[in-house]
Amino acid sequence: QVVRNYCQSQVDKPIDEYWPRVIISYATGTRDRRHGYEHDLDGEGCGLGMKYCQIVVRQLERVGIQCFSGLHVAGGYNWRIYFERLRVGIQCF
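Residues numbered from 1 in each chain as written. Predicted model: local features only at pLDDT ≥ 70, side-chain atom pairs only at ≥ 80, totals over all residues. Heavy atoms only, no water.

When its secondary structure is counted, the chain shows three helices and three strands. The order of helices and strands in the chain, counted from the N terminus, is α-β-α-β-α-β. On the principal axes, the C-alpha backbone points of the chain span a range of 45 × 30 × 20 Å. Evaluated residue by residue, the chain yields a buried proportion of 37% over its 93 residues. Taking the contacts inside the chain whose residues are at least 6 apart along the sequence as the reference set, 64% of them involve residues at least 24 apart. Surface accessibility of the chain: about 6200 Å² in total, with carbon and sulfur atoms responsible for 51%. Once the 12 positive and 10 negative side-chain charges of the chain are each reduced to a mean point, those two points are 3 Å apart. (Helix = DSSP H or I, 4+ residues; strand = E, 2+ residues; numbered from the N terminus. Buried < 20%, exposed > 50% of the residue type's maximum accessible area, 1.4 Å probe, protein only. Contact = heavy atoms within 4.5 Å. Areas by Shrake-Rupley, 256 points an atom, 1.4 Å probe, with all protein chains shown as cover. Lys, Arg positive; Asp, Glu negative; His and termini not counted. Charge placed at Lys NZ, Arg CZ, Asp CG, Glu CD.)

In C-alpha cells, the structure reads:
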C-alpha cells in the first residue's frame, strides 16, 4: 500500500484531469509458491514490477516529470483508466 500511496500522492488534480505525457507499464507478477519460491514474498499483483515502477516514478518526479501508471489510480476508480491515458500518452515505457 505504501507504493500506491506514494504514486497517488503525485496526482495534483482530480484523476479525470490528470493527463501526464509519460505513461509507465509494469508487470504485476508475484514471487510466491506457485512460481517456485519457498513461501509467498508478495501480495497478489504486488511483485517486483510494482517496486520497479515506484523507483521510476520517484526518479521522474525528482526531475520534475509527471507520469502515470495504474498505481496512480486511487481506490474507488476503475484502474482501467490507465488505458485511456495510454492511448494519448506521448512517452510510454
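Picking up after the structure, the text goes on.
Every buried residue of helix α1 (residues 2-9) is accounted for by Val3, Tyr6 and Cys7. Projected down its long axis, α1 carries its buried residues within an arc of 95°, all on one side. What points out from α1, more than 90 degrees from its buried face, is the exposed set Val2 and Ser9. Where the residues of α1 are buried, they touch α2 (48-62). (Arc of directions from axis to C-beta.)

Let us now look at the pattern of salt bridges. It is possible for side chains bearing opposite charge to pair when their charged atoms get close. Scanning the entire structure with this criterion turns up one salt bridge. Between Glu84 and Arg85 there is a salt bridge, with its nearest N and O atoms 3.5 Å apart. A relative accessible area of 34% places Glu84 in the partly exposed class. Looking at Arg85, the relative accessible area reads 2%, which means it is buried. (Salt bridge = Lys/Arg side-chain N within 4 Å of Asp/Glu carboxyl O.)

Evaluated as defined, the whole model comprises three aromatic pairs. Seen in terms of ring centroids, Tyr18 and Phe68 are 6.2 Å apart; in terms of plane orientation they differ by 50°. Their pairing is tilted. Remark: Phe68 occurs in strand β2 (residues 67-68) and Tyr18 occurs in the loop between α1 and β1 (22-23); sequence separation between them is 50 residues. Taking the relative accessible area as the measure of exposure, Phe68 reaches 0% and is therefore buried. Centroid distance Tyr82 to Phe83: 5.5 Å. Interplanar angle 75°. Geometry classified as edge-to-face. Assessed through its relative accessible area of 9%, Tyr82 is described here as buried. Directly above the aromatic system of Phe68 lies the positively charged group of Arg85, at a separation of 5.2 Å from the ring centroid. (Phe/Tyr/Trp six-rings, centres within 6.5 Å; stacked < 30°, edge-to-face > 60°. Lys NZ or Arg CZ within 6 Å of the ring centre and 35° of its normal.)

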